[in-house]
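Inside the fold
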Amino acid sequence: MASKEGFLTNEQRETLKIASQNVEILSSSPKSPTSFLSEHHVKAPAGGKAPTAGIAVRHVRRSHSGKFVRVKKGIDFSFLCLMATEGGGGKGTWGKLLDADSESPIDRNDPNYDSGEEPYQLVGSTITDPLDEYKKAVVSIIEEYFSTGDVALAASDLKELGSSEYHSYFIKRLVSIALDRHDKEKEMASVLLSSLYADVISPIQIRDGFFILLESADDLAVDILDAVDILALFLARAVVDDILPPAFLTRAKKALPESSKGVQVIQTAEKSYLSAPHHAELVERRWGGSTHITVEEMKKKISGLLREYVENGDTFEACRCIRELGVSFFHHEVVKRALILAMDIRTSEPLIMKLLKEAAEEGLISSSQMVKGFSRLAETLDDLALDIPSANTLFESLVPKAISEGWLDASFLKSSGEDGGVRAEDEKVKQYKKEIVAIIHEYFLSDDIPELIRSLEDLGVPEYNPLFLKKLITLAMDRKNREKEMASVLLSALHIEIFSTEDIVNGFVLLLESAEDTELDILDASNELALFLARAVIDDVLAPLNLEEIGSKLRPDCSGSETVRMAQSLISARHAGERILRCWGGGTGWAVEDAKDKIAKLLEEYESGGVVSEACQCIRDLGMPFFNHEVVKKALVMAMEKKNDRMLHLLQECFNEGLITINQMTKGFTRIKDGLDDLALDIPNAREKFSFYVEHAQEKGWLLPSFGSSAADGSH
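**Some thoughts on the overall build of the protein**
- For the protein, the count of helices and strands is 40 helices and zero strands.
- Taking all 716 residues of the protein together, 45% fall into the buried category.
- Within the protein, counting contacts between residues at least 6 apart in sequence, those at least 24 apart form 72% of the total.
- Put simply, the protein shows about 36,900 Å² of open surface, and 51% of that area lies on carbon and sulfur atoms.

So this is what it looks like as structure tokens:
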């Protein structure tokens, strides 16, 4: 050890000590680059000549000629401190090591030349921001969409782009570009946002995107004079299209500076658009609705051009009209309606077959659309036979003609039946479907839930309940919001009265299994099915776990599975309950809290000296027979709190009149039983009182026999 220390003079040892202390101080500084401070000790090389012995040095390299050269990877920070302290130059000094380049130039002709000894340069590279790259990529998607109008392609391209965390910026970019275009592009932008909602872009991202837009309103107004008014219309349209909740406007206004253009946008949207009479229709048509055409309007156009073709026989003109419709994804409807016309007007069959053949050969109607058109008609033959008695026979004669002429793919036969004919359905099921269609139509006219339930009970086939649910929602989707609301309300009533949860689950599975076919007739079917599912959860018809059960019974890649995920997304949104309860405009339904308040008030009024008949009329006026279990529950709780049994007289009268059914009574008592532990905290004798009420109800025949044992367990 002594011989090694002999290489350093006392002065150098003292300098090294000071440098080491400086390194420790620097290494503790938060600004010091810690990657430079790791210690690597180098042993002295053989031969006793070790100018670096005992000093922390990184990657010191000796050339083939035996001399030190500049190293490639950097020198330890402590070594640099020592060099700075000692200085360079002079024989035997440490600083000389850093000047080795001048003494030993690299000779590329040297047999021992190593390219690694060459001096190196740091080359700078541009660091790209993923968000900037995303913004550039979506511009091409938006421009292509404005050129083609292909919503499906735009959705697919956006999915393939990935980076879903940036989708809120897609909304800003889309609207910003549309601001400076014609009404056609503005309308297309709104249609695209509605199509992407919940499927590609989540509700939260929609809200974030519009908030970013509002934040940038001041900048946009610099380039576009009427930016505030246009943005207000986009905002109002998003509310009308149900992709933004109305509450968003209030929250956004609070989050923005009062003097900002964003606040002006919100105020304009509220005052000029959303508060006007018939504002929904006004907003939807403001940009001319150039791309926003309803299914019914499209069907009318198709029927019109086909009838005109049958009159003039101009195949070329008919093909031109089909092409101008601009709905290649809806050409199956052309096929279906053309075939119906051929069956309805027998003399038109040759012309219709000629048109379909020509359209197929031109590539105007694709093979898949042709097959779908035939398949859609095959599924509705039973209903069609009511108007055209020979529909089945005529259809079966058209199929082989189309296949033999080469414009209908033979795969249609495989999908329609192994024997080559249209798959025959069980006669019992056929008859059931005919009867329930009449029952559902009658319900849409009368809004009489008890009568519908009686009609279903008279049919006596509860095993077909899932089929009823499928038919109910399918028929409702092709009608107005009033019928959709009535269908949701009816589901709640049926679940209480005669449908099990399993019936409901299986019904939705049937519905979602055929979702792709339903979308052929109803363009927005996926969104509407998701709303029916979400509404069923909000109405306590289904539990959230039932959605997972439904999803597990479907193919992962099918349209139905995507609809289930959309419903789950709707339910998980903030204030989902209020929004989904109003999804069909609240035609006959109330928010649950509103109904509970009304029930509590009418019971309080009755308890304070009201008349039984008047109370019964108030319950009837609620128009929510499926929610009468809440009347039972609140009446029993009030009886416990007031310590009088007057409420039992009201329940008896409701039961006698058939106003509250035995199922609703049982469910009301069950709700009390399930909440007895909590109730007992406020009403100490709740268990004893409930036991008395159960005995009274059983004596009067209010409860189902199955309630007996479970009530005993819950009341003791």
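**Quick notes on the side chain of Asn628**
- For Asn628, the position within the fold is in helix 35 (residues 628-642).
- Discounting chain neighbours no more than four positions away, the residues touching Asn628 are Ile619, Leu659, Ile660 and Gln664.

**Let's talk about the pattern of salt bridges**
- A full pass over the atoms with the stated rule returns 20 salt bridges.
- A network of salt bridges, in which partner residues are shared, links Glu317, Arg320 and Glu324.

**Examining the packing of aromatic side chains**
- Applying the stated criterion across every chain yields a total of 10 aromatic pairs.
- Aromatic side chains Phe374 and Trp407 sit 6.1 Å apart centroid to centroid with 55° between the ring planes, which places their arrangement in the tilted category. In this pair, Phe374 sits in helix 19 (residues 367-379) while Trp407 sits in the loop between helix 21 (391-404) and helix 22 (411-416), placing the two residues 33 residues apart along the sequence.
- With relative accessibility at 0%, the residue Phe374 sits in the buried group.
- Among the aromatic residues, ring-to-ring pairing joins Phe374, Phe395 and Trp407 into one connected group.

**What to know about the nonpolar core**
- Of all hydrophobic cores here, the largest spans 119 residues; its most connected members are Phe170, Phe210, Leu235, Phe468, Phe508, Leu542 and Ile550.
- When residues in this core are grouped by element, the largest group, 12 residues, is from helix 11 (residues 227-240).
- Setting aside anything within four residues of it in sequence, one finds Phe508 in contact with Leu469, Ile473, Leu491, Phe532, Leu533, Ala536, Leu542 and Ile550.
- Ranked by size, the runner-up nonpolar core spans 43 residues in total, among them Val334, Leu356, Met370 and Leu384.

**Structural notes on unusual backbone geometry**
- Positive phi outside glycine occurs at Asp540, with the angle close to 65°.
- Tracing the backbone through its elements, the reader meets Asp540 in the loop between helix 29 (525-538) and helix 30 (544-552).

**Considering the side chain of Lys484**
- Mapped onto the elements of the fold, Lys484 is located in helix 26 (residues 481-497).
- A distance of 2.8 Å separates the side chain of Lys484 from the side chain of Glu528, its partner in a polar contact.
- Residues in contact with Lys484, not counting those within four places in the same chain, are Ala476, Met477, Arg479, Glu528, Phe532 and Trp584.

**Considering a negative patch on the surface**
- A contiguous patch of negative charge on the surface is contributed by Asp180, Asp218, Asp219 and Asp223.
- As for its position among the elements, Asp223 is in helix 10 (residues 217-223).

**Quick look at the state of the cysteines**
- Scanning the model with the defined rule gives zero disulfides in all.
- Free cysteine Cys618: the closest other cysteine sulfur is in Cys616, separated by 9.3 Å.

**A look at the packing of helix 16 (residues 315-325) against helix 18 (residues 349-362)**
- Contact pair helix 16 / helix 18: the axes reach a minimum separation of 10 Å and the direction vectors enclose 60°. Here helix 18 runs oblique to helix 16, going by the angle between their axes. Relative to helix 18, helix 16 is oriented so that their crossing is right-handed. Residues Thr315, Ala318, Cys319 and Arg323 of helix 16 pack against Lys354, Leu355, Glu358, Ala359 and Glu362 of helix 18.
- Broken down by class, the residue content of the contact of helix 16 with helix 18 amounts to four nonpolar, one polar and four charged.

**Here's the deal with the environment of Glu362**
- Relative to the helices and strands, Glu362 resides in helix 18.
- Glu362 gets classed as partly exposed once you look at its relative accessible area, which sits at 40%.
- Between the alpha carbons of Glu362 and Cys319 there is a distance of 9.2 Å; along the sequence they are 43 residues apart.
- Once you skip the residues sitting within four places of it in the chain, Glu362 turns out to touch Cys319 and Arg323.
- In terms of polar contacts, Glu362 uses its side chain to reach the side chain of Arg323, at 2.9 Å.

**Topic: the confidence of the model for the protein**
- The pLDDT averaged across the protein works out to 77; a share of 75% of its residues lies at or above 70.
- Per-residue pLDDT stays below 50 along residues 417-425; that stretch engages in 11 contacts with residues further than four places along the chain or on separate chains.
- The model gives residues 709-716 a pLDDT under 50, and that stretch makes 12 contacts with residues more than four places away or in other chains.

**Regarding the environment of Ser190**
- As for its placement among the helices and strands, Ser190 is situated in helix 8 (residues 183-196).
- Along the chain, Ser190 and Ala178 lie 12 residues apart, while their C-alpha atoms are 9.5 Å from each other.
- Look past the residues within four positions of Ser190 in its chain and what remains in contact with it is Phe234, Arg237, Asp241 and Trp287.

**Notes on helix 19**
- Between its first and last C-alpha atoms helix 19 spans 19 Å; for 13 residues at 1.5 Å apiece the expected length is 18 Å, and the two agree.
- Taken residue by residue, helix 19 has Gln369, Met370, Val371, Gly373, Phe374, Ser375, Arg376, Leu377 and Ala378 as its buried positions.

**Some remarks on the packing of helix 26 against helix 29**
- Their axes nearest at 10 Å, the elements helix 26 and helix 29 cross at an angle of 35°. Pair helix 26 / helix 29 crosses with right-handed handedness. Contacts between helix 26 and helix 29 pair Lys484, Glu485, Ala487, Ser488 and Val489 from the former with Glu528, Phe532 and Arg535 from the latter.
- Here the residues of the contact of helix 26 with helix 29 are counted per class, giving three nonpolar, one polar and four charged.

About the cut-offs
- Residues numbered from 1 in each chain as written.
- Predicted model: local features only at pLDDT ≥ 70, side-chain atom pairs only at ≥ 80, totals over all residues.
- Heavy atoms only, no water.
- Helix = DSSP H or I, 4+ residues; strand = E, 2+ residues; numbered from the N terminus.
- Buried < 20%, exposed > 50% of the residue type's maximum accessible area, 1.4 Å probe, protein only.
- Contact = heavy atoms within 4.5 Å.
- Areas by Shrake-Rupley, 256 points an atom, 1.4 Å probe, with all protein chains shown as cover.
- Salt bridge = Lys/Arg side-chain N within 4 Å of Asp/Glu carboxyl O.
- Phe/Tyr/Trp six-rings, centres within 6.5 Å; stacked < 30°, edge-to-face > 60°.
- Core = buried A, V, L, I, M, F, W, Y, C linked by side-chain atoms within 4.5 Å.
- Polar contact = N/O pair within 3.5 Å; in protein donor to acceptor, adjacent residues only side chain to side chain.
- Patch = residues over 30% accessible without salt bridge, like charges linked within 9 Å, V, L, I, M, F, W, Y side chains within 5 Å.
- Lys, Arg positive; Asp, Glu negative; His and termini not counted.
- Charge placed at Lys NZ, Arg CZ, Asp CG, Glu CD.
- Disulfide = S-S within 2.5 Å.
- Axes fitted to C-alpha atoms, helices over the stretch in contact; angles between N-to-C directions.
- Parallel < 35°, antiparallel > 145°, perpendicular 65-115°, else oblique.
- Left-handed = near helix turned anticlockwise from the far one by under 90°.
- Nonpolar A, V, L, I, M, F, W, Y, C, P; charged D, E, K, R; others polar.
- pLDDT = per-residue confidence, 0-100.
- Expected span 1.5 Å × (residues − 1).

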